[in-house]
There are 4 protein chains.
Amino acid sequence: MSKSRFEYVKQFEQQTDTLLLPNCFLVVRVDGRAFHRFAAAHKYRRPNDERGIGLMNRCAERVMREFPDIFVAYGESDEYSFVFRRNTTLYSRRQFKYLSYVVSLFSSSFVYHWKEFFGDEELQYAPCFDARVVCYPTLRNMRDYLSWRQADTHINNLYNTCFWALVQQDNKTPTEAEQILRVTDSGAKNEMLFTQFKTNYNELPAVYRKGSVLVWERTEEGASVVTLHEDIIGNGFWDARPELLKGQQD
Amino acid sequence: MSKSRFEYVKQFEQQTDTLLLPNCFLVVRVDGRAFHRFAAAHKYRRPNDERGIGLMNRCAERVMREFPDIFVAYGESDEYSFVFRRNTTLYSRRQFKYLSYVVSLFSSSFVYHWKEFFGDEELQYAPCFDARVVCYPTLRNMRDYLSWRQADTHINNLYNTCFWALVQQDNKTPTEAEQILRVTDSGAKNEMLFTQFKTNYNELPAVYRKGSVLVWERTEEGASVVTLHEDIIGNGFWDARPELLKGQQD
Amino acid sequence: MSKSRFEYVKQFEQQTDTLLLPNCFLVVRVDGRAFHRFAAAHKYRRPNDERGIGLMNRCAERVMREFPDIFVAYGESDEYSFVFRRNTTLYSRRQFKYLSYVVSLFSSSFVYHWKEFFGDEELQYAPCFDARVVCYPTLRNMRDYLSWRQADTHINNLYNTCFWALVQQDNKTPTEAEQILRVTDSGAKNEMLFTQFKTNYNELPAVYRKGSVLVWERTEEGASVVTLHEDIIGNGFWDARPELLKGQQD
Amino acid sequence: MSKSRFEYVKQFEQQTDTLLLPNCFLVVRVDGRAFHRFAAAHKYRRPNDERGIGLMNRCAERVMREFPDIFVAYGESDEYSFVFRRNTTLYSRRQFKYLSYVVSLFSSSFVYHWKEFFGDEELQYAPCFDARVVCYPTLRNMRDYLSWRQADTHINNLYNTCFWALVQQDNKTPTEAEQILRVTDSGAKNEMLFTQFKTNYNELPAVYRKGSVLVWERTEEGASVVTLHEDIIGNGFWDARPELLKGQQD
Ligand SMILES: Nc1nc2c(ncn2[C@H]2C[C@H](O)[C@@H](COP(=O)(O)OP(=O)(O)OP(=O)(O)O)O2)c(=O)[nH]1
Ligand SMILES: Nc1nc2c(ncn2[C@H]2C[C@H](O)[C@@H](COP(=O)(O)OP(=O)(O)OP(=O)(O)O)O2)c(=O)[nH]1
Ligand SMILES: Nc1nc2c(ncn2[C@H]2C[C@H](O)[C@@H](COP(=O)(O)OP(=O)(O)OP(=O)(O)O)O2)c(=O)[nH]1
Ligand SMILES: Nc1nc2c(ncn2[C@H]2C[C@H](O)[C@@H](COP(=O)(O)OP(=O)(O)OP(=O)(O)O)O2)c(=O)[nH]1
Ligand SMILES: O=P(O)(O)OP(=O)(O)OP(=O)(O)O
Ligand SMILES: O=P(O)(O)OP(=O)(O)OP(=O)(O)O
Ligand SMILES: O=P(O)(O)OP(=O)(O)OP(=O)(O)O
Ligand SMILES: O=P(O)(O)OP(=O)(O)OP(=O)(O)O
Ligand SMILES: [Mg+2]
Ligand SMILES: [Mg+2]
Ligand SMILES: [Mg+2]
Ligand SMILES: [Mg+2]
Ligand SMILES: [Mg+2]
Ligand SMILES: [Mg+2]
Ligand SMILES: [Mg+2]
Ligand SMILES: [Mg+2]
Ligand SMILES: [Mg+2]
Ligand SMILES: [Mg+2]
Ligand SMILES: [Mg+2]
Ligand SMILES: [Mg+2]
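Here is what the cut-offs are and how they apply
Position numbers for residues count from 1 along each chain, tracking the sequence in the order it is written. Both sets of labels track the order of writing: A upward for chains, 1 upward for ligands. Local features in this predicted model are restricted to residues of pLDDT 70 or higher, and side-chain atom pairs are both shown and tallied only at a pLDDT of 80 or more, whereas totals for entire chains, interfaces and linings draw on every residue. No hydrogens and no water enter the side-chain calculation; it runs on all heavy atoms of the structure. Within this scheme a cavity is a closed region of a 1 Å grid, computed over the protein atoms alone, that accommodates a 1.4 Å probe without allowing it to escape, whereas a pocket is open but has protein on both sides within 12 Å along at least five of seven lines; lining residues each have an atom within 4 Å of a point. Grid points are joined across faces, edges and corners, and a volume is the space filled by probe spheres set on the points. Working definition: helices are DSSP H or I runs of at least four residues, strands are E runs of at least two. Numbering for both runs from the N terminus. Residue polarity is assigned by list, with Asp, Glu, Lys and Arg as charged and Ala, Val, Leu, Ile, Met, Phe, Trp, Tyr, Cys and Pro as nonpolar; anything else, Gly included, falls into the polar class. Summary of the distance rule: residues count as near a molecule or strand when at least one heavy atom falls within 4 Å of that molecule or strand. Think of a polar contact as two N or O atoms within 3.5 Å of one another; within protein, one of them needs to be a possible hydrogen donor and the other a possible acceptor, and neighboring residues in sequence only count if both atoms come from side chains. What makes a salt bridge here is a side-chain nitrogen of Lys or Arg within 4 Å of a carboxyl oxygen of Asp or Glu, nothing more. Throughout, exposure labels follow a simple rule: accessible area from a 1.4 Å probe, protein chains only, divided by the maximum for the residue type, with under 20% read as buried, over 50% as exposed, and the rest as partly exposed. By this definition, two strands are paired if DSSP reports at least two bridges between them. To get an axis, fit a line to the C-alpha atoms, keeping to the stretch in contact for a helix; angles then go from 0 to 180 degrees between the N-to-C directions. We call two residues in contact whenever any of their non-hydrogen atoms come within 4.5 Å of each other. Only four residue types enter the tally: Lys and Arg on the positive side, Asp and Glu on the negative side; His and the chain ends are excluded. Only nitrogen, oxygen and sulfur atoms qualify as donors, and only when within 2.8 Å of the metal (3.2 Å in the case of Na, K and Ca); with water excluded, sites may look incomplete. Note on geometry labels: four donors, all angles 85 to 135 degrees, give tetrahedral; four donors become square planar and six octahedral when opposite donors are over 155 degrees apart and every other angle is between 65 and 115; remaining cases are irregular. Buried area: the accessible area, evaluated with a 1.4 Å probe, that two parts lose upon being put together, summed over both parts. Each accessible area is a Shrake-Rupley estimate made with a 1.4 Å probe; only the visible protein chains count as cover when residues are assessed. By definition in this entry, angles of less than 35 degrees are roughly parallel, angles greater than 145 are roughly antiparallel, angles of 65 to 115 are roughly perpendicular, and the rest are oblique. Note: crossing handedness is left-handed where the near helix turns anticlockwise from the far helix by less than a right angle, and right-handed where it turns clockwise.

Please explain empty space enclosed by the protein as it appears in this structure.
Vacant regions in the atomic arrangement are exposed by a probe of water-molecule size rolled over the atoms. According to the stated counting rule, one finds 1 cavity of 30 Å³ or more in the structure shown. Taken as a whole, the largest cavity spans an internal volume of roughly 400 Å³. Lining the largest cavity are 28 residues, and of these Thr18(A), Thr18(B), Gln15(C), Thr18(C) and Thr18(D) sit closest to its centre. Counting only elements with at least two residues in the lining of the largest cavity, the list comes to helix H1 (13–16) of chain A, helix H1 (13–16) of chain B, helix H1 (13–16) of chain C together with helix H1 (13–16) of chain D. Looking at the lining of the largest cavity residue by residue, the classes come out as 12 nonpolar, 16 polar and no charged.

Shown next as structure tokens:
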């Protein structure tokens, strides 16, 4: 049985496994497949389940520790974004390596750490995440990417908080709640929460409103990953941590 | 907080998430990252650990049942190849979807089913797999791809069987074993096993010599995935299962 | 002035200059940019100008002689398709090389040979062509590609023949002609030509109805390119020239 | 003859015709194919033929006027680089459109304008250029690209000036000249020209030493393309023309 006459098929790999453009920030975003079903099957609390969030953050930390070229990660809902340093040369910037390693380790970690967060709530089936890798040429583009995700968190969370208040506390049907919210802007939603449900939206846990930001913290004992729930849209976050973008200016 | 001024970043995704060429067979191959270390850390038996093989096959079955457009899969060592029907239009043939779903589900399944195969051998850490997607234009190319992997199984397994016989039964050091084998061809290795170790290579379990082939079996009760350990290089396998390539001729 | 510190920019080329999938037929199609304007500016005859066709064929022949891996080419209107043998390894299958060489040589030839076909009709400005390269995995796909272009020729030419007959011989305005033709199928158009304009469509020159097909003819004196105006949709053309597809079966 | 059953082949185009990453500078570089032969066949003067340079510049100007999103172009020897504004959205950033239009128009213009520069020196055959398109994420990368090309001009021109002085004035054979120059650095080459050939390298025409830079000049009467022969590696050139990079900062 000679292997050599089949080996030509290896070269077909070249066409798909392209190299990511140098000097771009590389973002890998993973997102749970059909997580509406997964959340329902595992009795996720609404609108936010802190067990689920804790597990996602744990998986992201695992990924980040494995790939120190990730300098910031951002998570919300069933998704997580990992940003690699723009000058990373890991795997010669082969796109498939970044994509597959990140989503694979995230997925296996999700099962591995499940019990630490969900205790007696049994995992019903192995979950699945999609992933994509995207290039961002400038600092501005990369920051706008993260801002896009955090603005998404804000909008979804404000909506979901109102929605479930209407359903759970005001006994509205999902359809009624949806109709009520369809005509409200951001201000009206805040107002509704405050007046009708005695809830000051800005006093809800930051983890729900801001999502989770993972960065490296370097001390004398070594480097560790810390989880923050802060605004990353404004300059404050970045100005306070100059090491994040050091060597990454345009 | 307006989301709209950040939304432009979404369009950067288009550049990397390309569509796979129509009418090609699509192969997704996953391969364990640093599995020499993983095997050592989990006391995998040498040269083949049937628990590990059983687990890999279980994961592959899970993937195949999730994506019925996979019509054949082939596994050996720490890798698995999944072949999608050439006319699949799943996810508009977006390469990232195929790649990420397969490797994600395979990885999470690996942890999910670990205990069923390894019992008291505790999983030490979440494993990680890489993945790639490759296009093959013709039936011949696709079959040569599978033949390439099975020929690889044969060569590696024959080598490893000799190597570990020399080390475990003949008390050679790994370096000595390597030196002895360096000058042997396939015939000499068979001969060594037979003469020196009273082993008829061809009578070793087919799962070690041939790897694992997964195909769909359709009966009146429905479709199920069956695991075979047969030669897929010759025509016999394919001729006996005309439904495999039905509608997939060039 | 040191060059070395700038040389890193060369590697950015890798990301765009990808390799075309092996074993696929490669088609490069060129198409004149804004040729409605070019045709008007150079008083092209309507609906077909044999000078223009002759020039296009001359350019295509030049391209084909330069790249003998092109085994068939097909031209109509302001476009030309060049089909490279599926096993070509020219330029390691770098897509940019195929694309640029073909469109460049076609374009420069267009000016170079202009006078031979248009005589005293002065070339007003340098013309411009776009180009694309497309992969076709199977013989069937490649033949369907050529059939697609020849079916296009047929449909456009039948329409244009009717349109200009109505305008030139029946004094209809373009808008009137368009309205008349909007409700006619292929049969009705043939009928109109025959009854109203005493024209048997099938007796019009084949070059208008079938476009131009370029293939290699090998005789004892050597190889030359011949220009045909035949049906290439049916099997006849291909069966009569077995050397065309020799070594190119799936 | 139905066209519809063939139309599926159009979608195969999607796989190759990818979109260039937003916010990157796009560079199209064209380079003459086998111009050593072309130069010999048309008796180009050595080491620089101002007729050839004039013609190249004329073609580049034509391209630039056709695509005003090109804000700077740089030419030397048988090559020309065209830099599109980073925010260009021409043709939805389809890579094939940029590549093919630029190289096609450049090539046809070369023949169209030949006689204006070469007079009685007949064009022997239609020339051919390759082309590539490259993305540069930042201003620095784009400027380094242009610096790379201009440093190349300097090195080649200094070498060629010495080489042809040795051959033409000192009656060395090409092999001898090459051997002499092999061991010289930049300083030694300048010295040799000055001492042995009474030539002050820095007083040679700037067009040979610096290549040609094309930029837009906007006056009250409108915009026109101007040809410069200046250093573009240092900041001076860019600082003196702030409009070039306006709106293109990172
Ligand atoms: N109850 C609950 N549901 C959550 C939580 N986090 C995420 N989810 C659910 C709500 C959404 O239905 C879903 C995320 O939305 P996606 O747009 O990703 O949709 P989904 O994953 O269903 O489909 P996909 O496969 O991503 O297209 O996950 C949570 O903390 N609590
Ligand atoms: N003892 C033992 N080892 C196995 C078995 N199956 C696979 N392995 C190990 C042997 C090899 O070192 C490794 C597979 O080789 P690879 O070429 O994939 O290398 P590895 O995964 O170490 O590195 P990679 O990240 O894939 O480049 O997995 C098994 O059944 N028993
Ligand atoms: N009068 C005349 N016109 C012709 C002849 N051959 C081609 N043309 C013109 C008719 C069409 O307007 C044009 C080809 O159509 P296209 O779809 O390629 O459009 P056009 O080149 O104008 O735009 P484009 O830049 O390709 O999108 O060329 C001819 O023999 N005689
Ligand atoms: N005598 C003379 N030769 C020139 C002039 N400008 C360019 N050339 C020639 C010298 C080089 O042989 C050639 C450009 O070098 P390239 O590296 O582009 O090589 P070439 O075009 O031969 O091959 P290629 O197809 O680009 O790989 O053009 C000129 O002004 N005078
Ligand atoms: O494992 P191979 O040989 O298919 O090669 P690769 O995975 O592309 O490369 P590597 O294993 O070195 O990451
Ligand atoms: O698969 P879909 O429809 O979710 O498509 P997507 O590319 O994942 O889109 P999004 O980023 O909106 O989830
Ligand atoms: O000319 P180079 O050095 O940019 O390289 P290339 O054009 O990519 O390669 P070649 O000239 O050998 O076709
Ligand atoms: O540039 P267009 O609009 O002509 O787009 P295209 O890809 O050239 O389309 P077609 O093949 O229909 O000319
Ligand atoms: Mg999605
Ligand atoms: Mg989801
Ligand atoms: Mg989601
Ligand atoms: Mg590998
Ligand atoms: Mg491995
Ligand atoms: Mg392996
Ligand atoms: Mg077009
Ligand atoms: Mg056209
Ligand atoms: Mg056309
Ligand atoms: Mg070159
Ligand atoms: Mg050249
Ligand atoms: Mg050159």
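The discussion continues.
What is the right way to read the site of ligand 6 from this model?
Taken together, the neighbourhood of ligand 6 is formed by Arg29(A), Asp130(A), Arg132(A), Lys10(B), Arg94(B) and Lys97(B). Contact distances for ligand 6 include 2.7 Å between an oxygen atom and a side-chain N or O atom of Lys10(B).

Which parts of the structure should I look at to understand the pattern of salt bridges?
Taken as a whole and judged by the stated rule, the model has 80 salt bridges over all chains. Between Glu79(A) and Arg149(A) there is a salt bridge, with its nearest N and O atoms 2.8 Å apart. On the criterion of sequence distance, the pair formed by Glu79(A) in strand E3 (residues 79–84) and Arg149(A) in helix H6 (residues 139–168) is long-range, its members being 70 residues apart. Arg149(A) shares its class with Glu79(A); the two are buried. For Glu66(D), the salt bridge identified is with Arg62(D), shortest N-O distance 2.8 Å. Here Glu66(D) and its partner Arg62(D) are both found in helix H3 (residues 50–66), 4 residues apart, which amounts to about one turn of the helix. Exposure remark for Glu66(D): the relative accessible area of 28% places this residue in the partly exposed category. Classification of Arg62(D) by relative accessible area gives buried; the value is 17%. Overlapping salt bridges bring together Lys3(A), Glu7(A), Glu76(B), Glu79(B), Arg149(B) and Asp152(B) as one network.

What is the right way to read the sheet that holds strand E1 (residues 25–32) of chain C from this model?
What holds strands together in a sheet is hydrogen bonding between their backbones, with the strands either parallel or antiparallel. Residue and element names in this part refer to chain C. Strands sit in the order E4-E1-E3-E2-E5-E6 across an open sheet of 6 strands; the sheet is antiparallel. Here the strands that pair on one side only, and so sit at the sheet edges, are strand E4 (129–136) and strand E6 (222–228). Strand-to-strand twist across the sheet, computed as the mean angle between neighbouring axes with direction ignored, equals 20°. As paired strands, strand E2 (residues 70–76) and strand E3 (residues 79–84) are joined by 6 bridges and run antiparallel to one another. In the strand pairing of E3, alanine 73 is matched with phenylalanine 82. Strands in contact with helix H3 (residues 50–66) are E2, E3, E4, strand E5 (212–219) and E6; relative to E5, the strand with the most contacts, it is inclined by about 45°.

Help me understand the side chain of Lys189(C) in this model?
Residues and elements named next belong to chain C. If you trace the backbone, lysine 189 turns up in helix H8 (residues 186–197). Put simply, lysine 189 is tucked away with no salt bridge, and the nearest opposite charge, on aspartate 185, sits 6.6 Å away. A distance of 3.2 Å separates a polar side-chain atom of lysine 189 from the backbone oxygen of threonine 184. Setting aside its immediate chain neighbours within four residues, lysine 189 contacts Leu158, Tyr159, Cys162, Leu181 and Thr184.

Just to check I follow, could you spell out the coordination of the magnesium ion (ligand 16) for this structure?
Expected angles at a metal are 109.5 degrees for tetrahedral coordination by four donors and either 90 or 180 degrees for octahedral coordination by six donors. Residues and elements named next belong to chain C. The coordination sphere of the magnesium ion (ligand 16) contains the protein donors Asp31 (OD), Gly32 (O) and Asp78 (OD), at a distance range of 2.1 Å. Angles of 83 to 176° at the metal separate the 6 donor atoms of the magnesium ion (ligand 16), which places the site in the octahedral class. Taken in chain order, the donor set of the magnesium ion (ligand 16) reads D-G-x45-D.

Would you explain the sheet that holds strand E6 (residues 222–228) of chain D in this entry?
Residues and elements named next belong to chain D. Spatially, the 6 strands line up as an open sheet ordered E4-E1-E3-E2-E5-E6, and their pairing is antiparallel. Each of the sheet's edge strands pairs with one partner strand only, and the pair in question is strand E4 (129–136) and E6. Along the sheet, successive strands turn relative to each other by an average axial angle of 20°, direction set aside. Two strands pair when backbone bridges link them, and strand E2 (residues 70–76) and strand E5 (residues 212–219) are joined in this way by 4 bridges, in the antiparallel orientation. Looking across to E5, one finds that valine 72 is bridged to valine 215. The strands touched by H3 within the sheet are E2, strand E3 (79–84), E4, E5 and E6, with E5 carrying the most contacts at an inclination of about 45°.

Looking at this structure, I do not really get the interface of chain B and chain C. What am I missing?
By a widespread convention, an interface's size corresponds to the accessible area lost as its parts come together. Each side of the interface is counted separately: chain B has 11 residues, and chain C has 11 residues. For the pairing of chain B and chain C, the buried interface totals around 790 Å² over both sides, and the portion due to carbon and sulfur atoms is 63%. It is Leu21(B), Pro137(B) and Asp250(B) that lose the most area in chain B upon contact with chain C, and together they represent 49% of the buried surface on that side. Seen at the junction of chain B and chain C, the total is 0 salt bridges.

Teacher, can you tell me more about the site of ligand 4 here?
All names here are of chain D. The local shell around ligand 4 holds 15 residues, among which Asp31, Ala34, Phe35, His36 and Asp49 are the closest. Between arginine 45 and ligand 4, the recorded distance is 3.0 Å, taken from a backbone N or O atom to a nitrogen atom. When ligand 4 is considered free in solution it has 630 Å² of accessible area, and contact with the protein chains removes 64% of it. Take the shell around ligand 4: its biggest share by element is 3 residues, from helix H2 (residues 35–41).

I tried to follow the environment of Arg143(C) on my own but got confused; where do I start?
All names here are of chain C. Considering the arrangement of structural elements, one finds arginine 143 in helix H6 (residues 139–168). Residue classification places arginine 143 among the buried residues on the basis of a relative accessible area of 9%. Separated by 106 residues in sequence, arginine 143 and glutamine 249 place their C-alpha atoms 12 Å apart. Every residue in contact with arginine 143, bar those within four places of it in the chain, is listed here: Ile232, Ile233, Gly234, Asn235 and Trp238. Reaching out from arginine 143, the side chain makes a polar contact with the backbone oxygen of glycine 234 at a distance of 3.1 Å. Within polar-contact distance, the side chain of arginine 143 engages the side chain of asparagine 235 at 3.0 Å.

Honestly, the packing of H3(D) against helix H4 (residues 95–112) of chain D in this entry has me stumped. Any pointers?
Residue and element names in this part refer to chain D. As a packed pair, H3 and H4 sit with axes 9 Å apart at the nearest point and diverge in direction by 135°. In terms of their interaxial angle, H3 and H4 are classed as oblique. Handedness of the crossing formed by H3 with H4: right-handed. Counting all contacts with H3, which are made through Leu55, Met56, Cys59, Ala60, Arg62, Val63 and Glu66, the residues of H4 involved are Val102, Leu105, Phe106, Ser109 and Phe110.

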